[in-house]
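Here are the chains, one letter per residue:
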Amino acid sequence: GQQLNQSPQSMFIQEGEDVSMNCTSSSIFNTWLWYKQDPGEGPVLLIALYKAGELTSNGRLTAQFGITRKDSFLNISASIPSDVGIYFCAGQLPTSGTYKYIFGTGTRLKVLA
Amino acid sequence: GAVVSQHPSRVICKSGTSVKIECRSLDFQATTMFWYRQFPKQSLMLMATSNEGSKATYEQGVEKDKFLINHASLTLSTLTVTSAHPEDSSFYICSARVLGTNEKLFFGSGTQLSVL
C-alpha cells in the first residue's frame, strides 16, 4: 500500500530538548494530520492542517503544511518523558470521491529523563 | 474530539473460525469509516474504505472475501475476518471521518487479533 516518507525513523533525546520530524511525498495532499500512538492503542489526533503554508500549534506542538502541499513538519518543544511514543503523519489525497488518508512510516520518539 | 469505540480490544481465536470487530461512532454520524491493519513496529496500512449503505472499497491486495466489511448504519461499521489463519494475526484499527468545515479523522482503540 501507499505510505508517506517520514523522518527520522527514530530518535532518542534528552528531556527538555526540542524535536523535529517531517513527512514528504511526491504527491499533493489536501489535508495533513499528525497523530501520536502509544503501544496497544489507536492513534490520537494532535494537529490538523488544511491550507498550504498553514502553521498550527497545540500546546508544545507546532505543525506546518508545506507550501508545495507535498510535505509537513511537526515540532515538539521542551520534550517531557510522556512525549515518548510513535508519531505519524497522515495525508488526505485529493482524488475525487475517495477521501482516504495515507500514513507516514512513523517516528519513534524516546525521551531520556 | 469525537469518540470512536472499537470492540473487542483483544481476541484470541482458533484457526478456521471467524471474528467480528465492531467500530462505533458515539457522538457523531460517520458516513465513511476506514479499516487499517498494523504489524508490530510498522505503520498503518489502509485495508478498505467503508461507506454507509454501500459496498466497501478495498485496497489492492486485500481479499474482500476474507475481510468482510458492513456499514449498515451511520454509527456502526463491522469488519469480519473469515476463516482466520495465523497470518491474519495483527492489530486492526478503525477510524471515522468527522465532517465539517475542517474534516478530521478519529481512531478507535484497536483490536489485537491472535489466531492460534
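We now turn to the structure provided with this report. This one's a predicted model, so the numbers in the text were calculated from it and none came from an experiment.

### Quick word on the overall build of chain B
Here is step 1 of the chain: A tally of helices and strands in chain B yields zero helices and eleven strands.
Here is step 2 of the chain: Written out in order from the N terminus, the α and β elements of chain B read β-β-β-β-β-β-β-β-β-β-β.
Here is step 3 of the chain: Along the first, second and third principal axes, the C-alpha atoms of chain B reach 45 × 30 × 25 Å.
Here is step 4 of the chain: Counting all 116 residues of chain B, 51% fall into the buried class.
Here is step 5 of the chain: Relative to all contacts within chain B whose residues are 6 or more apart in sequence, the contacts with residues 24 or more apart total 53%.
Here is step 6 of the chain: In the structure as shown, chain B presents an accessible area of about 5,600 Å², 51% of it carried by carbon and sulfur atoms.
Here is step 7 of the chain: Side-chain charges of chain B comprise 11 positive and 9 negative groups, with the mean position of each set lying 4 Å from the other.

### Considering the side chain of Gln6 of chain A
Here is step 1 of the chain: Mapped onto the fold, Gln6 of chain A is located in strand β1 (residues 5–7).
Here is step 2 of the chain: If sequence neighbours within four positions are ignored, Gln6 of chain A has contacts with Met21, Asn22, Cys23, Trp34, Tyr87, Phe88, Cys89, Gly104, Thr105, Gly106 and Thr107 of chain A.

### Some remarks on the pattern of salt bridges
Residue and element names in this part refer to chain B.
Here is step 1 of the chain: According to the stated counting rule, one finds six salt bridges over all chains in the structure shown.
Here is step 2 of the chain: Taking the shortest distance from any N to any O, the salt bridge between Arg24 and Glu22 comes out at 3.3 Å.
Here is step 3 of the chain: Judged by its relative accessible area of 27%, Glu22 falls in the partly exposed class.
Here is step 4 of the chain: Linking Lys66 and Asp88 is a salt bridge whose minimum nitrogen-to-oxygen distance equals 2.9 Å. In this pair, Lys66 is assigned in the loop between β6 (57–58) and β7 (67–73) and Asp88 in the loop between β8 (76–81) and β9 (90–98), connecting sequence segments 22 residues apart. Both residues of the pair, Lys66 and Asp88, belong to the buried class.

Cut-off values and rules
Residues numbered from 1 in each chain as written. Chains lettered and ligands numbered in written order. Predicted model: local features only at pLDDT ≥ 70, side-chain atom pairs only at ≥ 80, totals over all residues. Heavy atoms only, no water. Helix = DSSP H or I, 4+ residues; strand = E, 2+ residues; numbered from the N terminus. Buried < 20%, exposed > 50% of the residue type's maximum accessible area, 1.4 Å probe, protein only. Contact = heavy atoms within 4.5 Å. Areas by Shrake-Rupley, 256 points an atom, 1.4 Å probe, with all protein chains shown as cover. Lys, Arg positive; Asp, Glu negative; His and termini not counted. Charge placed at Lys NZ, Arg CZ, Asp CG, Glu CD. Salt bridge = Lys/Arg side-chain N within 4 Å of Asp/Glu carboxyl O.

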